[in-house]
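# Structural overview for review
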Amino acid sequence: SCELMLYARFVMVYDSTIGLEAVLLGAPVLSGCKSRYTQLPMVFFPNSPAAHRMQAERFLTTEKIDVPAEFVQNARRFLYMQLFRVALPFDTLLKEDGIWRGYVRLKGFSVGQLQLPTFEVISRAITGQQPFVLEDDSHG
């Protein structure tokens, strides 16, 4: 899919991480619905079906589509947050299962291991004190 994005005039997505990947590659992205990443300006996200169709038609007939520099910058910031701040690590409690690559199960663990930064984030979020976000120094 990455190679296709490099050759495409623009990428049209509904709700897919492919849209985020395309932005990071510098491709214009036209989104058809609100998604995790449309809250920041990083894709073209028209406010109605009619506006979406008009934008798609413009993209199809325009020689060059200018992508605002802030789109890529916002995409990088968003991806950083997704990978290092809101994707809570459970790696010390997981074991490879061997069924297929990437498949994991929980290991046996002691109650003391529940003091890991991941569980502190979960506890604070459940009690309403903070969002499900790791502090900058919690991801190593």
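Described below are features of the structure shown in this document. Bear in mind the structure is a predicted one, so any value in this text is a computation, not a measurement.

In this section: the packing of helix H2 (residues 17–24) against helix H4 (residues 69–85). The N-to-C vectors of H2 and H4 enclose an angle of 125°; their axes lie 8 Å apart at closest approach. Looking at the two axes, H2 sits oblique to H4. Two packed elements cross with a definite hand, and for H2 against H4 that hand is left-handed. Note on element contacts: H4 touches H2 through Phe-71, Val-72, Ala-75, Arg-76, Phe-78 and Leu-79, opposite Leu-20, Val-23 and Leu-24. Considered class by class, the residues forming the contact of H2 with H4 number eight nonpolar, no polar and one charged.

Attention shifts here to the nonpolar core. Counting residues in each nonpolar core, the largest one holds 21 residues, and the members touching the most others are Val-11, Val-23, Val-29, Tyr-37 and Met-42. Where this core is concerned, the elements lending two or more residues are strand S1 (11–13), H2, strand S2 (29–31), helix H3 (49–61) and H4. Considering every element that reaches this core, the biggest residue donor is H4, with four residues. In this structure, Val-11 is in contact with Met-5, Ile-18, Ala-22, Ala-27, Pro-28, Val-29 and Leu-30, ignoring residues within four places of it in sequence.

All of the buried residues along helix H5 (residues 117–126) are Thr-118, Phe-119, Val-121 and Ala-125. The buried residues of H5 occupy an angular sector of 155° when projected down its axis, which confines them to one face.

Parameters at a glance
- Residues numbered from 1 in each chain as written.
- Predicted model: local features only at pLDDT ≥ 70, side-chain atom pairs only at ≥ 80, totals over all residues.
- Heavy atoms only, no water.
- Axes fitted to C-alpha atoms, helices over the stretch in contact; angles between N-to-C directions.
- Helix = DSSP H or I, 4+ residues; strand = E, 2+ residues; numbered from the N terminus.
- Parallel < 35°, antiparallel > 145°, perpendicular 65-115°, else oblique.
- Left-handed = near helix turned anticlockwise from the far one by under 90°.
- Contact = heavy atoms within 4.5 Å.
- Nonpolar A, V, L, I, M, F, W, Y, C, P; charged D, E, K, R; others polar.
- Core = buried A, V, L, I, M, F, W, Y, C linked by side-chain atoms within 4.5 Å.
- Buried < 20%, exposed > 50% of the residue type's maximum accessible area, 1.4 Å probe, protein only.
- Arc of directions from axis to C-beta.

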